[in-house]
Each structure stands twice: as structure tokens, then as C-alpha cells.
Amino acid sequence: MKLRKNIGIEYSLIVAFTLVSGLVRYYMWDQLEVIGGFPTESILYTFFFLVITWEFFRGMNHYLDKIIPFSDRFLFRLNIQLVLGAIYMLTVNRLLFLVAGKYLDGSMSVMFTMSTYAVFVTLSFLINSIFVGKHFFDEWKKSLIRAERLEREKTQVQFDNLKNQLNPHFLFNSLSSLHSLIFDNPTLASDYVNNLSKVYRYVLKNENQSVISIREELDFIGHFIFLLKTRFGGAIEIQTQISEVVLDQGIAPVTLQILLENCIKHNAIDPDRPLKIDIYSTDNYLVVNNTRHPKILVNESNKQGLANLEKLYSFLSAIPLQIKMTDENYSVSIPLISRY
């Protein structure tokens, strides 16, 4: 039988309530006009009564959850729960009065009787309010989980759309470059086609993967860099310096492709002033840093690429993605993701 997670907290509160109520009754005994001394054993009886009462209300709440969920008919369920709780408490209170007389020297006063009824009814509402409050708290937690899941799914869809947008654009430029190479340099054209096929093979292979190793991503990006250097020549310089220690850490597929495309999209490519891109690792990040030669006009940019990438990594890692920009450089630091 599965033990309730909060049973320790529940019974600790019952013990605390028992002791507090015992002290209150002890100091108010004379004001309640009860004949005889305060029976100390009543504290123990109170504890057992509260335990039985708590379990009754818990069982009642569980049963009502099955036949009349709050989500179906909230007001009707709430009224049924309050009425049943009040009936139970008043019935138990009446039974206690029938057996309590022998512990008291004389009859119980009207004030004592009325105050006891009031305490029992109040206790009924208090216990029910705990279960109703717990229901709303649980629903609130579920809504947060659902919202996070939906946001995660939305971000993944946006990221996938981004990859799909980049691929046709990149393919168009690659084919244009290939057309020129076929006539000017057939050998290089053959190498170009070979690397292009490996790039798309990687994209297709990891289409449904959330995380792959940095080792795999670097192998892929080597083919991608070959295509870029063939296309732009000396106008672009790309250096990689990745520590062996981080090669088995994780990264979202085609992250580096997206970042390199972003560098090219937003910067002017000029042989007299080469665009320098450095890819290197730190303790917790893989960094892509580029010199800034901002284009005056950027075509085909919805300015959502890095935003979607940032959202995606907020779900994949507890370490945030970092973006830093100065007049000379622009860098994006991708958090390394543990794959174990």
C-alpha cells in the first residue's frame, strides 16, 4: 500500500492543534462554567478524535472526487462537502456529549455546550477548506506544467521552422555556387557536392533529435564550413578551438549552422575586410564570436532566430544562453548540455 507523501506533515499539525486546543480549554475552563476540574485525559481523546475526523474528511473528499469532481459541478460539490462535513461533526459532537458527562462533576453548562457546537462546526469548515485549497493548489501546479509543456512544444516548432527556413535559402545559394564551379573547377565542384550531401544527411538524420554530441555537431559543421569557404573564399575566416573535454557534452542539432548563417546574414562579406568567426569552448559554454561588419540592409530576417534559440536552450539547460555585443564583436555563448 502506497504511503501518503504528506502524512508526517498532516499528523504533526494534528498534534500541534491538539496541544493548542488543550491549553485553550485549560485556561478557559472556569469561564465556560463547567463544574469540576479540567480532565487532562481529554487531550489524548482530542488527538484520537482529530485523527479519526481527519481521515473521515480525507476519505470523503477522495470519494467525492470520483463521483462529483470539482471540475464538473464546483458549487454543488462544495455544498455537498460542507453539508456532509457539518452533519458528521454535529453527530460526533452529540455522541461525545452522551459519554462526556461521567468525566465531569456535574452537568455541562449551556455556554460550554454551545461553544462546543460552534467549535465543531468551525473545525468542519476549516478541514474542508484545506482540501478545497489543496485542490486549487494542485490545479494551479498542473496549469503551470501544462503551460511549460506548451511553451516548450511551441519553441521546438519555431526552432524546427527556423531550420526549415534556413535550409531552402542555404540550398539556393549552394546550388548557385555549384553551378559556377561545375564549369570553372570540376574537381572542387565534386568536393562541394560531397560536402553538401553530408550536410543534408546530418540534418535529415537528426531531424527529430533534441540533443546530439558536440563531437557530431563539429563533424557536421566542418562540411558546412567547407561550403562557406568555397562560396566566399578569403572574405570569411572561421577558426575552431574546442577542448576534448567537452566533445561528449550536448548541443541542439544545427545550432552552429544557425549561428554561422546568422553571422553571414547580418554582416557584410568583403575580401578586403574578412569576416572572422571563432568557435571555441569554455567551462560551460560553446561560444561563436564574430567581428562586426553590419549590413545596411538585411534581407529575409524575421529577427526571431536567436530568440527562438534562446527559448529552446532555456528548456534544455539550467544555464542561460548568453548574447554579447560590442562595437567590434558579436558573440553567442551556447550552454553545454549534459547527456548523462
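Computed from a predicted structure; not experimentally measured. (Residues numbered from 1 in each chain as written. Predicted model: local features only at pLDDT ≥ 70, side-chain atom pairs only at ≥ 80, totals over all residues. Heavy atoms only, no water.)

Draft legend 1. Representation of the overall build of the protein. From N to C terminus, the protein includes 8 helices and 7 strands. Classification of the 340 residues of the protein by burial places 38% in the buried group. Summarising the internal contacts of the protein: among those between residues at least 6 apart in sequence, 73% fall at separations of at least 24. If you sum the accessible surface of the protein, you get close to 20200 Å²; carbon and sulfur atoms cover 61% of it. (Helix = DSSP H or I, 4+ residues; strand = E, 2+ residues; numbered from the N terminus. Buried < 20%, exposed > 50% of the residue type's maximum accessible area, 1.4 Å probe, protein only. Contact = heavy atoms within 4.5 Å. Areas by Shrake-Rupley, 256 points an atom, 1.4 Å probe, with all protein chains shown as cover.)

Draft legend 2. Local environment of a nonpolar patch on the surface. Together, Val83, Leu84 and Ile87 make up an exposed nonpolar region whose accessible area comes to about 240 Å². As for its position among the elements, isoleucine 87 is in helix α3 (residues 74-100). With relative accessibility at 46%, the residue isoleucine 87 sits in the partly exposed group. (Patch = residues over 30% accessible without salt bridge, like charges linked within 9 Å, V, L, I, M, F, W, Y side chains within 5 Å. Salt bridge = Lys/Arg side-chain N within 4 Å of Asp/Glu carboxyl O.)

Draft legend 3. Fine view of the environment of phenylalanine 57. Relative to the assigned elements, phenylalanine 57 resides in helix α2 (residues 41-67). On the basis of relative accessible area, phenylalanine 57 is assigned to the buried category, the value being 0%. For the pair phenylalanine 57 and tyrosine 88, spaced 31 residues apart in sequence, the C-alpha to C-alpha distance is 9.2 Å. The residues contacting phenylalanine 57, other than those within four sequence positions of it, are Gly85, Tyr88, Met89, Ser124, Ile127, Asn128 and Phe131.

Draft legend 4. Inspection of helix α7 (residues 255-266) at higher detail. Across its 12 residues, α7 extends 17 Å between first and last C-alpha, which sits within 8% of the 16 Å expected from 1.5 Å per residue. Across the 12 residues of α7, 10 count as buried, placing the element largely inside the fold. Listed in full, the buried residues belonging to α7 are Thr255, Leu256, Gln257, Ile258, Leu259, Leu260, Glu261, Asn262, Cys263 and Ile264. (Expected span 1.5 Å × (residues − 1).)

Draft legend 5. Structural detail: the packing of helix α6 (residues 214-232) against α7. Two elements in contact, α6 and α7, have axes whose closest approach is 9 Å; the angle formed by their N-to-C orientations is 25 degrees. With respect to α7, the axis of α6 lies roughly parallel. Of the two elements, α6 crosses α7, and the hand of that crossing is right-handed. Counted together, Glu217, Leu218, Phe220, Ile221, Phe224, Ile225, Leu228 and Phe232 of α6 and Thr255, Leu256, Gln257, Leu260, Glu261 and Ile264 of α7 form the full contact between these two elements. Looking at the contact of α6 with α7 residue by residue, the classes come out as 10 nonpolar, 2 polar and 2 charged. (Axes fitted to C-alpha atoms, helices over the stretch in contact; angles between N-to-C directions. Parallel < 35°, antiparallel > 145°, perpendicular 65-115°, else oblique. Left-handed = near helix turned anticlockwise from the far one by under 90°. Nonpolar A, V, L, I, M, F, W, Y, C, P; charged D, E, K, R; others polar.)

Draft legend 6. Examining the packing of aromatic side chains more closely. With the rule as written, the count across this model stands at 9 aromatic pairs. Their ring planes at 10 degrees and their centres at 3.9 Å tell us that phenylalanine 56 and tyrosine 88 sit as a pair that is stacked. You can see phenylalanine 56 sitting in helix α2 and its partner tyrosine 88 sitting in helix α3, a full 32 residues away along the chain. An aromatic cluster is present here, built from Phe56, Phe57 and Tyr88 joined pairwise through their rings. Residue placement shows arginine 73 over the ring face of phenylalanine 76; its charged tip is 4.2 Å from the ring centre. Over the ring of phenylalanine 70 we find arginine 77, and its NZ or CZ is 3.9 Å from the ring centre. (Phe/Tyr/Trp six-rings, centres within 6.5 Å; stacked < 30°, edge-to-face > 60°. Lys NZ or Arg CZ within 6 Å of the ring centre and 35° of its normal.)

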